[in-house]
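# Observations on chain architecture
Residue strings, one per chain:
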Amino acid sequence: MPKLVLWDIDHTLMATGGLGRELWAAAFEQVTGVALREQASVTGSTERVILRETARLHGITYNDELFTRFADALGAVHVRRASELRERGHALPGAAAALAALEERGVRQSVVTGNVRQAAGVKLAAFGLDAYLRLDDGAYGEDGEGRPELLRLALQHAGGAASEAVFLGDTPADVAGGHEAGVRVVAVATGKTSAAELEAAGAELVLDGLADTAQVLAALRA
């Protein structure tokens, strides 16, 4: 069993039922004064990159100060609408059981996500998943632009070696980022990317989901 397991959040552990885009749009309009007309691609990206590209689509100048204000607004709107998130979203089948099984085996767990820290915490807490994760060991949208950078930072926070870690995600960007950081990747076909596409991206193993806890544990041991 690996000493450290790092998890993506959206479409790997949970889904927001479409609320995520609504919250993003609300934060965007709050900090820019412009209603969201079009959002840059979000699959496998980070909030910093998504904001920069979405600002460009709207003719808005991007800078670090804008991102800081946006991150604060996005976290705050997640806090305000946490109850709605619980109603509309859900933990993916088997997510809590997989996290609990790893905790029982003494495996250190955290997250690597493009979400800003506060939003990530609200999402995980909404479905009781945060209890299994050392969130201070994680890496978030404030910490960098790409998965490799975030993964290296999480390894540093957790005091783990890349060779002793596994990253679980649902996109080709997760697979590529894990490999660039030297971390083995177990992909889950629970998002917009098919199992065949994840295999083609080079994931060491691909699961249809997390519902079979024994299968998840076996994949992590492989």
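Before reading on, note that the structure itself is shown above.
What comes next concerns the included structure. (Residues numbered from 1 in each chain as written. Predicted model: local features only at pLDDT ≥ 70, side-chain atom pairs only at ≥ 80, totals over all residues. Heavy atoms only, no water.)

## Side note on a negative patch on the surface
Operational definition: Patch membership requires more than 30% relative accessible area and the absence of a salt bridge. Residues of like charge join within 9 Å; the nonpolar side chains Val, Leu, Ile, Met, Phe, Trp and Tyr join within 5 Å. Areas reported here follow the Shrake-Rupley algorithm with a probe of radius 1.4 Å; residue values treat only the protein chains shown as occluding. The term salt bridge refers to a side-chain nitrogen of Lys or Arg lying within 4 Å of a carboxyl oxygen of Asp or Glu. Residues scored as charged are limited to Lys and Arg (positive) and Asp and Glu (negative), so that His and the chain ends carry no count. A charged residue contributes its charge at one atom only: NZ of Lys, CZ of Arg, CG of Asp or CD of Glu. Put simply, DSSP marks the helices as runs of H or I at least four residues long and the strands as runs of E at least two long, and each gets a number from the N terminus on. Think of it in three bands: residues with accessible area under 20% of the maximum for their type are buried, residues over 50% are exposed, and the middle band is partly exposed, with areas taken using a 1.4 Å probe on protein chains only.
Together, Asp72, Glu142, Asp143 and Glu149 line one region of the surface with negative charge. Mapped onto the elements, Glu142 comes out in the loop between helix H6 (117-126) and helix H7 (147-158). Its relative accessible area of 30% is what places Glu142 among the partly exposed residues.

## Topic: unusual backbone geometry
With a phi close to 70 degrees, His11 is a non-glycine residue in the positive phi region. By the element assignment, His11 lies in the loop between strand S1 (4-7) and strand S2 (14-15). You can call His11 partly exposed: its relative accessible area is 34%.

## A short note on helix H2 (residues 47-57)
Those residues of H2 that fall on the buried side of the exposure criterion are Glu47, Arg48, Val49, Ile50, Leu51, Thr54 and Ala55. Phi for Gly59, located one or two positions after H2, is positive at around 70 degrees.

## Structural notes on the layout of surface pockets
Cut-off, in case you're wondering: Here a cavity denotes grid points, spaced 1 Å and computed from the protein atoms alone, that fit a 1.4 Å probe unable to get out, and a pocket denotes an open set having protein on both sides within 12 Å along at least 5 of 7 lines; residues with an atom within 4 Å of a point are the lining. Grid points are joined across faces, edges and corners, and a volume is the space filled by probe spheres set on the points. The classification used treats Ala, Val, Leu, Ile, Met, Phe, Trp, Tyr, Cys and Pro as nonpolar, Asp, Glu, Lys and Arg as charged, and all other residues, Gly among them, as polar.
If you add up the space inside the largest pocket, you get close to 670 Å³. Along its surface, the largest pocket is lined by 32 residues, and Asp10, His11, Val42, Thr43 and Lys123 are the ones closest to its centre. Per-element tally for the lining of the largest pocket: the top contributor is helix H1 (residues 19-32), with three residues. Taken together, the residues of the lining of the largest pocket break down into eight nonpolar, 16 polar and eight charged.

## Regarding H7
The line we're drawing: To estimate the expected span of a helix, count its residues, drop one, and scale the result by 1.5 Å. What the arc covers is the set of directions going from the helix axis to the C-beta atoms. Residues are treated as being in contact if the distance between any of their heavy atoms lies within 4.5 Å.
Given a rise of 1.5 Å per residue, 12 residues ought to cover 16 Å, and the 16 Å separating the end C-alpha atoms of H7 matches this to within 8%. For H7, the set of buried residues is Arg147, Pro148, Leu150, Leu151, Ala154, Leu155 and Ala158. The arc that holds the buried residues of H7, viewed along the axis, is 165 degrees, so those residues lie on one side. Those residues of H7 that are buried are in contact with S1, strand S4 (108-111), strand S5 (165-169) and helix H8 (172-180).

## A few points about the pairing of strand S6 (residues 184-188)
Rule in force here: Between any two strands, pairing holds if DSSP finds at least two bridges. A crossover counts as right-handed when, viewed with the strands pointing away from the observer, the path leading from the first strand over the helix to the second turns clockwise.
Burial of S6 is extensive: four of the five residues sit out of reach of the surface. By the bridge criterion, four bridges tie S5 to S6 in an arrangement that is parallel. Bridge pairing in S6 places Leu168 opposite Val186. Note on the crossover from S5 through H8 to S6: the handedness is right-handed. Pairing analysis gives three bridges linking S6 to strand S7 (residues 205-207), with the strands arranged parallel. Within S7, the residue paired with Val186 across the bridge is Leu205. Note on the crossover from S6 through helix H9 (residues 195-201) to S7: the handedness is right-handed.

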